[in-house]
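# Structural overview
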Amino acid sequence: MKKYLLIAFLITSVSFGQKSTLYCIGDSTMANKKDPDRNPEHGWAQVLQSFFKDDIKVVNKAVNGRSSKSFINEKRWDSIYKKLKKGDYVFIEFGHNDEKIEDSTRYTNPHTAYRYNLIKFINESREKGATPILLTSIARRNFNEKGVLVPTHGDYPLETRLVAQEYKVPFIDLEYYTELLEQSYGPEKSKLLHLHFKAGEVPYYKDDKNDDTHLSLLGANKIAQIVINQIKTLKDSSLITLQKGIK
């Protein structure tokens, strides 16, 4: 009898000691960048682990240049799906490259293929007992001559909002909150959130750099903090473990 109680205790201890994994899937605005000590560019999910305690393991599978379509077609989602377990989480943020209408390997119609790709990620995550979390794309620094931040993502954020509502998925409207971030910095200072450098200003870039889509370390940390703040406020019992894992 003691033998069976010991086995049960060990199994229970292992179960309670098991970490939840937070998978991040998306594009270059999330992705890990090479040479992080030298490279000014950072994805916001690249810095996410520092916001969590050790019982949440962040696995950033976002990749530069990927759309929801190419992420699936390259079997990147399959490799995550095979590892997903009960209690895991999946951050899903696509759209930037789904817009590439000149590229048949990446473009998706927002109301058909993009929508159904999001639904696939949701349903298959739930099949494994994992919790999907949908995020709209981050805003680009796209101020017009009047200082108005002009949206660039078309109907992709709208479709993400609709899918989240229809499928009752935890949702972070990252486009909205990053619009507020860009606007709070203003047309000039918001360059600090992105990659604006003169030739030779940083060793990593030989030529001028004027990138309003991708993020500096400051921008990545600001957006990661927005995500964390929103996770804290979401009223969804499936997020309790993730919320408790925040530092």
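Residues take numbers from 1 onward in each chain, read along the sequence in its written order. The predicted nature of this model means local features are confined to residues of pLDDT at least 70 and side-chain atom pairs, given and counted, to a pLDDT of 80 or more, with totals for whole chains, interfaces and linings taken over all residues. Neither water nor hydrogens contribute to the side-chain values; these are computed over all heavy atoms in the structure.

All right, on to the confidence of the model for the protein chain then. The share of residues in the protein chain with pLDDT of 70 or more is 93%, and the mean pLDDT across the chain is 94. Note that pLDDT drops below 50 for residues 1-16; the model gives that stretch zero contacts with residues more than four away or on any other chain. pLDDT measures the predictor's confidence residue by residue and takes values from 0 up to 100. What makes two residues a contact is simply this: any of their non-hydrogen atoms within 4.5 Å.

Attention now moves to the nonpolar core. Here is a general trend for soluble globular proteins: nonpolar side chains tend to be buried in one another's company. By size, the foremost hydrophobic cluster in this structure holds 34 residues, and its most contacted members are Leu22, Trp44, Leu48, Phe52, Phe91, Leu174 and Leu242. A run of H or I in DSSP counts as a helix once it spans at least four residues, and a run of E counts as a strand once it spans at least two, with each numbered from the N terminus. With seven residues, helix H7 (residues 217-233) is the single largest residue contributor to this core. The residues touching Leu22, leaving out its near neighbours within four places in the chain, are Leu48, Phe52, Ile56, Lys57, Val58, Val59, Tyr89, Val90, Phe91 and Leu242. Each nonpolar core is a collection of buried residues, namely Ala, Val, Leu, Ile, Met, Phe, Trp, Tyr and Cys, held together in the definition by side-chain atoms within 4.5 Å. Each residue is assigned to one of three classes by its accessible area relative to the maximum for its type, calculated with a 1.4 Å probe on protein chains only: buried under 20%, partly exposed between the two thresholds, exposed over 50%. Of all hydrophobic cores here, the second largest spans 23 residues; its members include Trp77, Ile80, Ile119 and Tyr156.

Let's shift gears to the packing of helix H4 (residues 113-127) against helix H5 (residues 156-166). Axis lines are fitted through C-alpha atoms, for helices just across the contact stretch, and the angle between N-to-C directions can take any value from 0 to 180 degrees. Packing of H4 against H5 brings their axes to within 10 Å, and their N-to-C directions diverge by 40°. In this view, H4 runs oblique relative to H5, as classed from their interaxial angle. Here H4 runs over H5; the crossing is right-handed. On H5, the residues touching Tyr114, Arg115, Leu118, Ile119 and Ile122 of H4 are Tyr156, Glu159, Thr160, Val163 and Glu166. Angle categories: roughly parallel below 35 degrees, roughly antiparallel above 145, roughly perpendicular from 65 to 115, and oblique for all the rest. Crossing handedness is read from the near helix: turned anticlockwise from the far helix by less than a right angle, it gives a left-handed crossing, and turned clockwise, a right-handed one.

With that settled, the discussion passes to the environment of His214. Relative to the helices and strands, His214 is located in the loop between strand E7 (209-211) and H7. When the C-alpha positions of His214 and Gly95 are compared, they lie 14 Å apart, and in sequence the two are 119 residues distant. Apart from the residues lying within four places of it in its own chain, the contact partners of His214 are Ser28, Thr29, Glu41, Leu193, His194 and Leu195. Two N or O atoms form a polar contact when they lie within 3.5 Å of each other; inside protein one atom must be a possible hydrogen donor and the other a possible acceptor, and for residues adjacent in sequence the pair counts only when both atoms belong to side chains. Within the structure, the side chain of His214 is placed 2.8 Å from the side chain of Asp211, a separation counted as a polar contact.

Further remarks concern the side chain of Asp211. Considering the arrangement of structural elements, one finds Asp211 in strand E7. Buried within the structure, Asp211 lacks any salt-bridge partner; Lys209 is the closest side chain of opposite charge, at an N-O distance of 4.4 Å. At a separation of 2.9 Å, a polar atom in the side chain of Asp211 contacts the main-chain amide nitrogen of Thr213. Those residues in contact with Asp211 that sit more than four places away from it in its chain are His194, Leu195 and His196. Residues counted as positive are Lys and Arg, residues counted as negative are Asp and Glu, and His and the chain ends are not counted. We count a salt bridge whenever a side-chain nitrogen from Lys or Arg sits within 4 Å of a carboxyl oxygen from Asp or Glu.

Multiplying 1.5 Å by the helix residue count minus one yields the expected span of that helix. The terminal C-alpha atoms of H4 lie 21 Å apart, and with 15 residues this matches the ideal 21 Å at 1.5 Å per residue to within 8%. What H4 keeps buried is the set Tyr114, Arg115, Asn117, Leu118, Ile119, Phe121, Ile122, Glu124 and Ser125. Structurally, H4 contributes buried residues whose contacts are with strand E1 (20-26), helix H2 (68-73), helix H3 (76-81), strand E3 (89-93), strand E4 (131-135) and H5. Backbone geometry just after H4 places Gly129 at a positive phi near 85°.

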